[in-house]
Amino acid sequence: MNRQPAWIIGQGRLVVAMGDLTLAEHEAIVNAANSSLLGGGGVDGAIHRAAGPELLAACKAIVAKRGPLPPGQAVITPGFRLKARWVIHTVGPIWHGGGHDEERLLASAYDASLALAAEHGLSNVAFPAISCGAYGYPLDSAASVAVGRLSAGIAAGLVCEAAMILFSEAAHDAFVTAAKTLLGDP
Ligand code: AR6
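Counting starts from 1 at the beginning of each chain's written sequence and moves along it residue by residue. Predicted model: local features are reported for residues with pLDDT of at least 70 only, side-chain atom pairs are reported and counted for 80 or more only, and whole-chain, interface and lining totals are derived from all residues. To get the side-chain values, take all heavy atoms of the structure and skip hydrogens and water.

S.K.: I would appreciate a short explanation of the site of the ligand in the present structure.
M.R.: Working definition: residue near molecule or strand if any one of its non-hydrogen atoms lies within 4 Å of it. Lining the immediate environment of the ligand, one finds 20 residues, of which Asn34, Gly41, Asp44, Gly133 and Ala134 sit closest. Two N or O atoms count as a polar contact when they lie within 3.5 Å, although within protein this holds only if one can serve as hydrogen donor and the other as acceptor, and sequence-adjacent residues are included solely when both atoms are side-chain atoms. In this structure, an oxygen atom belonging to the ligand sits 2.7 Å away from a side-chain N or O atom of aspartate 44. One of the backbone nitrogen or oxygen atoms of glycine 133 is found 2.8 Å away from an oxygen atom of the ligand. Computed with the Shrake-Rupley method and a 1.4 Å probe, the accessible areas treat only the protein chains shown as cover for residues. Bound to the protein, the ligand loses 87% of the 700 Å² it would expose on its own. Using a 1 Å grid laid over the protein atoms alone, points where a 1.4 Å probe fits but cannot get out form a cavity; open sets with protein on both sides within 12 Å along at least 5 of 7 lines form a pocket; any residue with an atom within 4 Å of a point counts as lining. To qualify as sitting in a cavity or pocket, a molecule needs more than half of its atoms within 2 Å of the grid points. Most atoms of the ligand, that is more than half of them, are within 2 Å of grid points of the largest pocket. In this text, helices come from DSSP runs of H or I with a minimum length of four residues, and strands from runs of E with a minimum of two, each type numbered from the N-terminal end. The leading source of residues in the shell around the ligand is helix H1 (residues 42-51), at 3 residues.

S.K.: Before we go on, may I ask you to explain the confidence of the model for the protein in this structure?
M.R.: A low pLDDT means the predicted coordinates there should not be read in detail. pLDDT gives the predictor's per-residue confidence on a scale running from 0 to 100. Averaged over all residues, the pLDDT of the protein is 97; the fraction at 70 or higher stands at 98%. In the predicted assembly, ipTM is 0.99 and pTM is 0.98.

S.K.: Where do I start with the layout of surface pockets in this structure?
M.R.: Remark: the empty space left among the atoms is shown by a probe the size of a water molecule rolled over them. The volume enclosed by the largest pocket comes to roughly 570 Å³. Lining the largest pocket are 26 residues; nearest its centre among them are Ala32, Gly42, Val43, Ala129 and Gly133. Looking at the lining of the largest pocket, the elements that each hand over two or more residues are strand S3 (28-33), H1 and strand S7 (161-166). With 4 residues, the single largest contributor to the lining of the largest pocket is H1. Along the lines of polarity and charge, the residues of the lining of the largest pocket split into 16 nonpolar, 8 polar and 2 charged. Grid points are joined across faces, edges and corners, and a volume is the space filled by probe spheres set on the points. Classification convention: Asp, Glu, Lys, Arg as charged; Ala, Val, Leu, Ile, Met, Phe, Trp, Tyr, Cys, Pro as nonpolar; all other residues, Gly among them, as polar.

S.K.: Is there a simple way to think about the pattern of salt bridges in this case?
M.R.: Side chains that differ in sign of charge can pair as their charged atoms come close. Here, a salt bridge means any Lys or Arg side-chain nitrogen found within 4 Å of an Asp or Glu carboxyl oxygen. Evaluation of the coordinates by the stated rule reveals 4 salt bridges. The shortest N-O distance in the salt bridge between glutamate 161 and arginine 13 comes to 3.1 Å. In this pair, glutamate 161 sits in strand S7 while arginine 13 sits in strand S2 (residues 12-18), placing the two residues 148 residues apart along the sequence. The buried label applies to any residue whose accessible area, calculated with a 1.4 Å probe on protein chains only, is under 20% of its type's maximum; exposed applies above 50%, and partly exposed to all values in between. By relative accessible area, which is 33% here, arginine 13 ends up partly exposed. Salt-bridge contacts for aspartate 111 lead to arginine 149; the nearest nitrogen and oxygen are separated by 2.8 Å. In this pair, aspartate 111 sits in helix H3 (residues 102-119) while arginine 149 sits in helix H4 (residues 139-155), placing the two residues 38 residues apart along the sequence. Judged by relative accessible area, arginine 149 falls into the partly exposed class, the value being 31%.

S.K.: Would you mind showing me how to read the packing of H3 against H4 here?
M.R.: Relative placement of two packed helices is described by the angle separating their axes and the distance separating the axes. Across the interface, H3 lies against H4 with an axial gap of 9 Å and an inter-helix angle of 35 degrees. Both H3 and H4 take part in a crossing whose hand is right-handed. Note on element contacts: H4 touches H3 through Ala142, Val145, Ala146, Arg149, Leu150 and Gly153, opposite Glu103, Leu106, Ala107, Tyr110, Asp111 and Leu114. The residue makeup of the contact of H3 with H4, split by class, is 8 nonpolar, 1 polar and 3 charged. To get an axis, a line is fitted to the C-alpha atoms, and for a helix only the part in contact is used. The angle between two axes follows their N-to-C directions and goes from 0 to 180 degrees. By definition, any crossing whose near helix is turned counterclockwise from its far helix by less than a right angle is left-handed, and any crossing with a clockwise turn is right-handed. We call two residues contacting when some pair of their heavy atoms lies within 4.5 Å.

S.K.: Would you explain unusual backbone geometry in this entry?
M.R.: If a residue is not glycine, its phi is most likely negative; likewise, a peptide bond is most likely trans. In the Ramachandran plot, phenylalanine 80 falls in the positive-phi region, its phi being about 50 degrees despite a non-glycine side chain. Tracing the backbone through its elements, the reader meets phenylalanine 80 in the loop between strand S4 (74-78) and strand S5 (86-91). Note on phenylalanine 80: relative accessible area 36%, which makes it partly exposed. Unlike most non-glycine residues, aspartate 101 shows phi in positive territory, near 70 degrees. For aspartate 101, the location among the structural elements is in the loop between S5 and H3.

S.K.: Help me understand the sheet that holds strand S6 (residues 124-127), please; the structure alone is not making it clear to me.
M.R.: Two strands in a sheet stick together by hydrogen bonds in their backbones, pointing the same way (parallel) or opposite ways (antiparallel). In short, DSSP must find at least two bridges between two strands for them to pair. An order of S1-S2-S7-S6-S3-S5-S4 is seen for the 7 strands of this open sheet, with the pairing classed as mixed. Two strands in the sheet have a free side with no partner beyond their single neighbour: strand S1 (6-9) and S4. Going from strand to strand, the sheet's axes swing by 20 degrees on average, the running direction of each strand aside. For S3 and S6, the ladder comprises 2 bridges, and the chain directions are parallel. If you follow alanine 28 over to S6, its bridge partner there is valine 125. Packing of helix H2 (residues 53-66) onto the sheet brings it into contact with S4 and S5, and relative to S4 it is tilted by some 140 degrees. With respect to the sheet, helix H5 (residues 169-183) is in contact with S1, S2 and S7, its orientation differing from that of S2 by roughly 155 degrees.

Given below as structure tokens:
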């Protein structure tokens, strides 16, 4: 992974990098899933392919027990064949123009993922740009929400490192700009 500006926040740091989340060596990676937890396209499909069929079985067991995962909530499974030991599955909002609670639900997806990481004693977690693909959330607005929630979580000591692993130059630029705006120069 190249080009990784980092912002120091209290005892921790926020990293913004380009790369493939399935290769991340963080303790946990976050999956931008859908409520069914049955896999799909985008980063969800890539994570399921890389983790192997055990991941789908683990997700099915969770849904059988507690039902579909509502937007803004998160659950955790092992990472199976991934380098990351854990996968935190969250569901972002589908963008419907901005007047349908999208911002609160996106913030909640980041908050719930960080809270789960903290509950499991995980100190570093890597995130994709939740909702910024198939779910259509505008990158710049999503980046501000993500940087705001991750920096608050790091400041509160929930995790030591949160990394955004972005899959395109455009997403990387949007997240670097949001971080510079909210946190200053790296
Ligand atoms: N590593 C990092 N980021 C990635 C990767 C990867 N390997 N692959 C894609 N991205 P999306 P959503 C980026 O569509 O918008 C799925 O079908 C991608 O470029 O994966 O939350 C689920 O099953 C984009 O910036 O997630 C749901 O049905 C970001 O990840 C639905 O899509 C998120 O795009 C969720 O939609």
